[in-house]
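Report on the structure
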Amino acid sequence: MRLGVLGRLPLAVARAVLAALRGRLGALCWSLAPLSFFSLPLPLPLPLPGWRRVSASSPAAPAGPRGEKDRDDAPPTPTSVNYHFTRQCNYKCGFCFHTAKTSFVLPLEEAKRGLAMLQEAGMEKINFSGGEPFLQDRGEFVGKLVQFCKQELKLPSVSIVSNGSLIRERWFKKYGEYLDILAISCDSFNEDVNVLIGRGQGKKNHVENLHTLRQWCREYAVAFKINSVINRFNVEEDMNEQIKALSPVRWKVFQCLLIEGENSGENALREAEKFVISDEEFEQFLDRHKDVSCLVPESNQKMRDSYLILDEYMRFLNCRNGRKEPSKSILDVGVEAAIKFSGFDEKMFFKRGGKYVWSKADMKLDW
């Protein structure tokens, strides 16, 4: 039957004929496809031109500009990614939410391949974390990744979160020019409290080392940032003077967060319940430090789903159910397929100020 004849048929009959033709066309496509093609998730039978496929529960609608629902269904863009490439650490912080459950680290070239895939998918900022990033090859591994991301991928922002205990000045001399931001974790300016939390390492003083790192960042033109987890042991502390003296570009203040399987529950390597504080206590800490201009507060609500976290296998970690559920690795299925299972709340990412002036070239700091 010629398609022109359809215009002279009753509407119901025309629709039935079109459905039959579509079914036969779909079957023909399957019969012509090679066997290796069967694993691809093609949506057959094929839709007719001018129409888009819809779910069985929604009415059919003509194709046209993407509506709000279509935009919501699209995978998020990995604008800012936190790559926890190692779980190993030389500290034992009691509230740690990314513990040493494996010792695996990707080979350098595989890590670079994944980072290039993320850049191609829209990544603008990469943050290297752990574990402790400077443990692997005495900082050479993370140094090479930092250089690759800035020099080869031309990323606007490259940052590291570290406890700072293993960083040496020679690292800054070799890789400092490629690093935009160095964030050092410091939860207290009382060394006894740091030891209680688990940030103790023999005779080394965590606070004294913090000031040394601050000076190196100034000398080698790296923006300096401080991360603090507010918990049962430091919630009453007044950090105003010390933070103002160090003058970081950002002071990230997190509320202690429980993650099942990491720092809470069965098979967890930490028991963080004793570190937890209430929302009211967290707000009181923030109020006490409201005059610190660089303060960036993050409650449990803001933090849980607003970070794109890649683990050591380059799998996105979904924390929506209070535990870390991994996607498939981007190295195996690609960024777009993996990120759909990340649980990432892109709206909350922007709401909490996740996008900011994060390239040191744009910060106009007095080095």
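Refer to the structure above for everything that follows.
Residues numbered from 1 in each chain as written. Predicted model: local features only at pLDDT ≥ 70, side-chain atom pairs only at ≥ 80, totals over all residues. Heavy atoms only, no water.

Further remarks concern the environment of A183. Position of A183 among the secondary structure elements: in strand β4 (residues 181–185). Among residues more than four places away in sequence, those in contact with A183 are I160, V161, S162, K225 and N227. (Helix = DSSP H or I, 4+ residues; strand = E, 2+ residues; numbered from the N terminus. Contact = heavy atoms within 4.5 Å.)

Throughout the structure, instances matching the rule amount to 16 aromatic pairs. Taking 5.1 Å as the distance between ring centres and 70° as the angle between the ring planes, the aromatic pair formed by F134 and W171 counts as edge-to-face. A residue pair is termed long-range when its members are at least 10 positions apart, and F134 in the loop between β2 (125–129) and α4 (140–152) and W171 in helix α5 (residues 169–175) qualify at 37 residues. Accessibility classification places F134 together with W171 in one group, the buried group. (Phe/Tyr/Trp six-rings, centres within 6.5 Å; stacked < 30°, edge-to-face > 60°. Buried < 20%, exposed > 50% of the residue type's maximum accessible area, 1.4 Å probe, protein only.)

Cis rather than trans, the peptide bond between G130 and G131 has omega equal to 10°. Among the secondary structure elements, G131 is positioned in the loop between β2 and α4. Residues other than glycine seldom take positive phi values, yet R138 does so here, at roughly 55°. Here R138 shows up in the loop between β2 and α4. The backbone phi angle of M314 is positive, close to 60°, even though this residue is not glycine. Within the fold, M314 resides in the loop between β8 (308–310) and β9 (315–318). Judged by its relative accessible area of 0%, M314 falls in the buried class.

Looking now at the pattern of salt bridges. For the structure on display, the rule yields 13 salt bridges. D180 serves as the salt-bridge partner of K150, at 2.7 Å between the closest nitrogen and oxygen. Of this pair, K150 sits in helix α4 while D180 sits in the loop between α5 and β4, and the two are 30 residues apart along the sequence. Like K150, the residue D180 is buried in the burial classification. Between R199 and D187 there is a salt bridge whose closest N-O contact spans 2.5 Å. (Salt bridge = Lys/Arg side-chain N within 4 Å of Asp/Glu carboxyl O.)

For helix α7 (residues 206–219), which comprises 14 residues, the first-to-last C-alpha distance of 20 Å matches the rise-based estimate of 20 Å (1.5 Å per residue) to within 8%. Among the residues making up α7, those that are buried are H206, V207, L210, L213, R214, W216 and C217. Buried-residue contacts for α7 involve α5, β4, α6 (191–197), β5 (223–230) and α8 (240–246). Residue A221 follows α7 closely and has a positive phi angle near 55°. (Expected span 1.5 Å × (residues − 1).)

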